[in-house]
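For reference, the chains in residue letters:
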Amino acid sequence: MPHQTTTTTPQRETTILSLMLITILPVSTTLPPMSTTLPPVSTPLLPLSTPVLPLSTPPLHVLDVNRGGSRHKLLEDFPREEGDSMYHGESGESFVTSIPFQILSWRPRALYFPNFATDEQCQSVIELAKSKLKPSSLALRKGETAETTKGIRTSSGAFISASEDRTGILEFIEEKIARATIKHITSIDLSSLEAFNVLRYEVGQRYVSHYDSFNPAEYGPQKSQRIASFLLYLSDVEEGGETMFPFENGSNMNIGYDYKSCIGLKVRPRRGDGLLFYSLFPNGTIDKTSLHGSCPVVKGEKWVATKWIRNKERM
Ligand SMILES: *[C@@H]1O[C@H](CO)[C@@H](O)[C@H](O)[C@H]1NC(C)=O
Ligand SMILES: *[C@@H]1O[C@H](CO)[C@@H](O)[C@H](O)[C@H]1NC(C)=O
């Protein structure tokens, strides 16, 4: 009788991949103040042909604006660093990406990205927006009118989608923002990104403290919600114009805070730098410490490109 061998199959560990699904629960908290910014008319974004991110941004002269497919040239010219990279899968990339950031605050979750864009890229976005500027508007709540909300948001702005910029710079910046934020969750689907809102604040202009997400208790049910906001400062400001978070780490929440006053954590605009903060907790409720505003410009001019990131496409 042959010797019977029993083979033991090693027990395989089952790895359960938990997807980071963000569910929006009804927000029960009563939220304070002011109106939020008016969402733009949604413009379909052009699908990105090759999502490629550089380690450093290309000089402007590589742009060939006379060619319809200028952005392909832009993408091809990205320097790639193969040195430190790892063997990758078929859907992966052969190069290493580096986007440095600093945590500014955990309450709210706010991150700073120095040198996110180049001076030339910032200037190009300003030039693009200049001719399209209109007074910024607000999404009004019940009982509010343009008259009663006067003075809350005094900047001028323009909504520009990446596909409207033939130089490819906005598409490049959008791709970089997606990489630094939600791309790992929503893959290459950029439909959850709103068009850029490019804003100009002149001396005395400001945006009093507000939330970027829409509290359903005040604005009605929301099919999609703003998770986070990415601000790209397009200019330096000589004085004033800081982005402020009055409730940082829970401070000033019980003092009857005057939404006009500039207190709390202040971020000074620096051309080319980015600021990301989250308006929602991962469970979908609004983070009250994400209240923020733009202090009045005292000297100089402030230019900023805002990108609102939603949990899903706003239809
Ligand atoms: C931040 O807030 C927590 C909780 O309210 C408090 O314990 C802590 O001391 C605060 N940190 C600072 C630096 O004030
Ligand atoms: C959602 O998360 C926040 C932060 O962790 C927590 O304070 C809050 O109680 C949570 N709300 C619900 C409804 O789970």
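First things first, this report covers the structure right here in the doc. Values in this document were obtained by computation on a predicted structure and should not be read as measured data.

Scoring rules and cut-offs
Residues numbered from 1 in each chain as written. Chains lettered and ligands numbered in written order. Predicted model: local features only at pLDDT ≥ 70, side-chain atom pairs only at ≥ 80, totals over all residues. Core = buried A, V, L, I, M, F, W, Y, C linked by C-beta atoms within 7 Å. Buried ≥ 20, exposed ≤ 12 C-beta atoms within 10 Å, placed from the backbone. Contact = placed C-beta atoms within 7 Å. Helix = DSSP H or I, 4+ residues; strand = E, 2+ residues; numbered from the N terminus. Pairing = 2+ DSSP bridges. Axes fitted to C-alpha atoms, helices over the stretch in contact; angles between N-to-C directions.

**Quick look at the nonpolar core**
1) Next: Of all hydrophobic cores here, the largest spans 54 residues; its most connected members are Val125, Ile160, Val198, Leu232, Leu234 and Val304.
2) Next: Non-local contacts of Val304, meaning those with residues more than four positions away in its chain, are made with Leu199, Leu231, Leu232, Tyr233, Leu234 and Pro269.

**Notes on the environment of Gln205**
1) Next: Residue position: Gln205 is located in the loop between strand S7 (196-201) and strand S8 (207-210).
2) Next: Once you skip the residues sitting within four places of it in the chain, Gln205 turns out to touch Thr154, Ser155, Pro296 and Val297.

**As for the pairing of strand S3 (residues 110-113)**
For a regular strand, the rule is simple: side chains alternate between the two faces of the sheet.
1) Next: Sheet topology note: the strand S2 (residues 102-105)/S3 ladder contains three bridges and is antiparallel. Across the sheet, Gln102 pairs through a bridge with Tyr112, a residue of S3.
2) Next: Counted along the chain from S2 to the antiparallel partner S3, the turn is four residues long.
3) Next: Note: S3 against strand S13 (residues 274-278), four bridges, orientation antiparallel. Across the sheet, the residue bridging to Tyr112 is Leu275, located in S13.

**Quick word on the sheet that holds strand S12 (residues 265-267)**
1) Next: Here four strands make up an open sheet; going across it, the order is S8-S14-S11-S12 and the pairing antiparallel. The open sheet terminates on both sides in strands that have one partner only, identified here as S8 and S12. Shown here is a sheet whose adjacent strand axes are inclined to one another by a mean of 15 degrees, direction ignored.
2) Next: Sheet analysis places strand S11 (residues 243-245) next to strand S14 (residues 292-294), joined by two bridges and oriented antiparallel. Bridging across to S14, Thr243 finds its partner in Ser294.

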